[in-house]
Every structure is written in structure tokens, then in C-alpha cells.
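Observations on the three-dimensional arrangement
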Amino acid sequence: MDSPFGLLAELTYRCPLGCAYCSNPLNMADYSDELTTGEWRRVLGEAAELGILQCHLSGGEPLLRRDLVEIVADAHDLGLYTNLVTSALGLSRPRAEQLRTAGLDHVQISIQAGDPVASDRIAGTPSFHRKIEAMGLVKELGWPLTVNVVLHRYNIDRVADVLALAEEAGADRVELASTQYYGWAWRNRDALLPSRAQLEAAEAVVRAARERLRDRTEVIYVIPDYYSRFPKPCMGGWASRQLTVTPNGDVLPCPAAQSLPLPRASVREDSLERIWAEAPVMTAFRGTDWMPEPCRSCARRELDFGGCRCQAFQLTGDAARTDPVCQYSPDHDLVDRAVEAANAASRPAGPPLIPRPHRVRR
Ligand code: SF4
Ligand code: FES
């Protein structure tokens, strides 16, 4: 067991947006007793002692935490590289300047599409223009900027617009992420899953953009795993490099693992070091000993670690099964059926998209 490299600090699940693809938990009340500033200070200190180098401050919308500047300053003083993962709603100039002074290293801004109408519709709230302004502010204050877009059936046809927007904003990195079908996104899966033709068209656009932008902007794009023959090594392997602390102090190998039937571990009850080393939520699927067939005797088992435990649980009800995305999985037909439906000629637009209800207030 190595030390973790990155901490995903989910400061709050409150959020001004209502994205139809949101993969955050649905049981918001369980997370309303948020860690205090002092508790985050202790968690960050324990993370640094554990060897963590990067801290991603996320949510929900982390800017809704009034103490965000203090949390950033604490992380910075501990020598952690800090990345703010934000919708940018609430990133006013004074707040941005305070964050700069506190030592924030990097900003990642999400956008829902490359044009205002589509972006605001997917976000469930007017936000596009404020995001563009915030991108300008981030560059003006000298931060490296990542633009993140979650791709799905409703925006993938216009991925060129997103790339153009990122280029114009001077982004250092564009992350074209595929929807993860957990939380609210699971309810919308059949509406969100793109067709193969859409993917192929998008890939051609991305390839050309990579070539054109290669000296200026890194373009990250991974094809959705429903269309892959093998799963991705989710999180680089269960509890091997990353850990997540949720707003109420629960510690998880990844954010979606909150839905798995594993005993809770909380920073309110134990140290991060002991949780990382010993808590059942961390050890349950670490390494390869837990694996069933066909993973157990598969040559790829240390490449993809059997895929995503949360996806296996979501699709089969058993987190210890081979990820159904894998072509060798006995449950692969579950993925095939979803892909067939997404490609059905009679379904050009897909079912309607349901925005997530707004979640700003407790
Ligand atoms: Fe990966 Fe398991 Fe599939 Fe082999 S059988 S490719 S280890 S998911
Ligand atoms: Fe939890 Fe893949 S998202 S293991």
C-alpha cells in the first residue's frame, strides 16, 4: 500500500446549478452537517502528513463555503498544490484576489456547452456569461486555467464550439469528460448516452483540435467506457492513489462510493492515516485479492483493476463483480442493451433531460 497522491476535498454539496448529469449524492440531508473550518484544517494537516501532494477543492460549489479562502491558505501553508474545481458562480474579483493571496495554484471551471442557450439549459440556470467572465479573471490573475466540459448526447455534436471557447479563453487545458452515470445522472442515463455516430464525429473534431492547439492547450479526451472493450482503471485502482473526503467528513476511495454497502469511515471518528490503511471502505477492493473470475485470471487485472466498483454496483447490485463494461464480463449485456438503445434509429433525440432540482440552501 502506497501513500495517496491526491485528496478530493468535497467542501459542500450545495450548488447553484442543477445539471442533468450531476453525479453527486441524492441524499443531501446526510451531508448538511459540514466539517467546520477547524476540522478541515486538521484533515489537511493529516493529508500532508500522509504524503498527499495535491488538494482538489470541489463540491457542489466550493465557493459557497464562506471560509474557502482560509481553507486554501491552510492547504497552501502545508505545501499542498491547490486546485479549485468550480462552476465559477460566485467568483467575484475581490474573492478571486483573496484566493490568489491565499496561494491558490490552479482553477478549473466547468461549462455545460459552447453556446449560452445550450449551456444554460443543461445547467438548469443562467450561468454561461458569468463563467466566461470568470475565465477572463482567472487568466488576468495569472492562474493556469482548465476548462472542463462533461460530454453527453446533448452537447457532443458541438464539441468544436467548446474547444473554440476554451481557446479564446486562453485555457491551458481542456478536459472533455464523459458523463459518469451515478446520482442524478443515472436517472438521465438513457437520455444522456451518446450514439456511436456522435462519438465518431466528436473524435475527429478532437483529433484535429489536438493537432492545432498542441503548443498552447492540452486537450484531454477519453471515450465513454460504455463504448470501450475494456474498462478504465478507475481512480488508478481502488484506494491506491486518491482519497475523497465528503462534506460531512466521510472518507471514500472515490465520490460515488458513498452508495456502496460498506461501513462508513469518518475523519470525525478516526485519523486519515488509520482510515487509509485499515478502514474496510479502503481495503475492500484494494489490490487484486478480492477479484472474481474472469478478472482473477485475466492478464489485464493489474492494468484496469477490474474496472469501476461503483459502476459494477450500479449496474449489477454487487460491487465485487467485474465491471460490466468489460467485454469478458458475464454482465456485459447490461451495457450492450444501453448502447443499442442509444443507437436505435428511431430515437434521434433521446428521452427528455431532467435537470437536477437546485440545491443551494440547506
Ligand atoms: Fe479487466 Fe477484469 Fe475485464 Fe480482465 S476481465 S479486462 S481484469 S475487467
Ligand atoms: Fe468509484 Fe469507479 S467511481 S470506483
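Residues numbered from 1 in each chain as written. Chains lettered and ligands numbered in written order. Predicted model: local features only at pLDDT ≥ 70, side-chain atom pairs only at ≥ 80, totals over all residues.

Check the secondary structure of the chain and you find 14 helices and nine strands. Against the globule reference of 21 Å for 362 residues, the chain gives a C-alpha radius of gyration of 20 Å, in line with a compact fold. In terms of principal-axis extent, the alpha carbons of the chain reach across some 50 × 45 × 40 Å. Buried residues in the chain amount to 48% of all 362 residues. In the chain, of all internal contacts separated by at least 6 residues, the share reaching a separation of at least 24 is 73%. (Helix = DSSP H or I, 4+ residues; strand = E, 2+ residues; numbered from the N terminus. Rg over C-alpha atoms; globule rule 2.2 N^0.38 Å. Buried ≥ 20, exposed ≤ 12 C-beta atoms within 10 Å, placed from the backbone. Contact = placed C-beta atoms within 7 Å.)

On to the site of ligand 1. Taken together, 14 residues are adjacent to ligand 1, and Cys295, Cys298, Arg300, Arg301 and Cys326 come closest. A per-class count over the shell around ligand 1 returns seven nonpolar, three polar and four charged. (Near = placed C-beta within 6 Å. Nonpolar A, V, L, I, M, F, W, Y, C, P; charged D, E, K, R; others polar.)

Turning our attention to unusual backbone geometry. Cis geometry marks the peptide bond from Gly59 to Gly60, where omega comes out at 15°. In this structure, Met235 takes a positive phi of about 60° despite not being glycine. In this fold, Met235 is placed in the loop between strand E7 (218-221) and strand E8 (242-245). Exposure remark for Met235: the 23 C-beta atoms within 10 Å place this residue in the buried category.

Mapped onto the present numbering, the UniProt feature "domain: Radical SAM core" (unreviewed entry) falls on residues 1-215. End C-alpha atoms of residues 1-215 are separated by 37 Å, and the span's content is 42% helix alongside 16% strand. (UniProt positions renumbered as here; feature names shortened; annotations may be inferred.)

We now examine the sheet that holds strand E5 (residues 145-151). Overall, mixed pairing links the nine strands, which are arranged E7-E6-E5-E4-E3-E2-E1-E8-E9 in an open sheet. Because the sheet does not close on itself, it has two edges, and the strands there are E7 and strand E9 (251-252). As judged from the four bridges shared by strand E3 (residues 81-86) and strand E4 (residues 106-110), these two strands associate in the parallel manner. Each residue of the ladder has a partner; that of Thr86, found in E4, is Ile109. (Pairing = 2+ DSSP bridges.)

All right, on to the UniProt feature "binding site: [4Fe-4S] cluster" (unreviewed entry) in the chain then. If you check UniProt for "binding site: [4Fe-4S] cluster" (unreviewed entry), the listed places come out as Cys15, Cys19 and Cys22 in our numbering. Residue placement: Cys19 occurs in the loop between strand E1 (6-10) and helix H1 (37-49). For Cys19, a count of 24 C-beta atoms within 10 Å corresponds to the buried category. Those residues in contact with Cys19, other than ones at most four positions away along the chain, are Gln112, Ile122, Ala123, Gly124 and Arg356. Along the chain, Cys22 turns up in the loop between E1 and H1. Apart from residues no more than four positions distant in its own chain, Cys22 is found in contact with Gly183, Trp184, Ala185 and Arg356.

Right, let's get into the packing of helix H2 (residues 68-77) against helix H3 (residues 93-102). Between H2 and H3, the shortest axis-to-axis distance is 8 Å and the interhelical angle comes to 20°. Here H3 runs roughly parallel to H2, going by the angle between their axes. Relative to H3, the crossing made by H2 is right-handed. Contact residues: Val69, Val72, Ala73 and His76 in H2; Gln98, Leu99 and Ala102 in H3. Across the contact of H2 with H3, the residue classes tally to five nonpolar, two polar and no charged. (Axes fitted to C-alpha atoms, helices over the stretch in contact; angles between N-to-C directions. Parallel < 35°, antiparallel > 145°, perpendicular 65-115°, else oblique. Left-handed = near helix turned anticlockwise from the far one by under 90°.)

To continue, consider the confidence of the model for the chain. Across the chain, pLDDT averages 93, with 97% of residues at or above 70. For this predicted complex, the interface score ipTM comes out at 0.92, while the overall pTM is 0.93. (pLDDT = per-residue confidence, 0-100.)

Cys55, Ile109, Leu145, Val147 and Val251 are the most contacted members of the largest nonpolar core, which has 106 residues in total. The leading source of residues in this core is helix H6 (residues 159-169), at six residues. (Core = buried A, V, L, I, M, F, W, Y, C linked by C-beta atoms within 7 Å.)

Okay, helix H9 (residues 196-212) next. With 17 residues, H9 extends 25 Å between its outermost C-alpha atoms, agreeing within 8% with the 24 Å of an ideal straight helix rising 1.5 Å per residue. Along H9, the residues that are buried comprise Ala202, Val206 and Ala209. For H9, the buried positions fall inside an angular range of 60° around the axis, keeping them on one side. Exposed side of H9, more than 90 degrees from the buried face: Arg196, Ala197, Glu200, Ala204, Arg207, Ala208 and Glu211 are the residues found there. Looking at the buried positions of H9, the neighbouring elements they touch are H6, strand E6 (173-178) and E7. (Expected span 1.5 Å × (residues − 1). Arc of directions from axis to C-beta.)

It is worth spelling out the pairing of strand E2 (residues 54-58) at this point. Counting buried positions over the five residues of E2 gives four, a clear majority of the element. Pairing of E1 with E2 involves five bridges; the strand directions are parallel. Among the inter-strand pairings, Leu7 is bridged to a residue of E2, identified as Cys55. On the question of chirality, the crossover connecting E1 to the parallel E2 by way of H1 is right-handed. What joins E2 to E3 is H2, and the crossover it makes is right-handed. (Right-handed = clockwise from strand over helix to strand, strands pointing away.)

To continue, consider the environment of Thr12. Positionally, Thr12 belongs in the loop between E1 and H1. Residues within four places of Thr12 in sequence aside, it is in contact with Glu34, Gly59, Gly60, Pro62, Leu64, Arg65 and Pro247.

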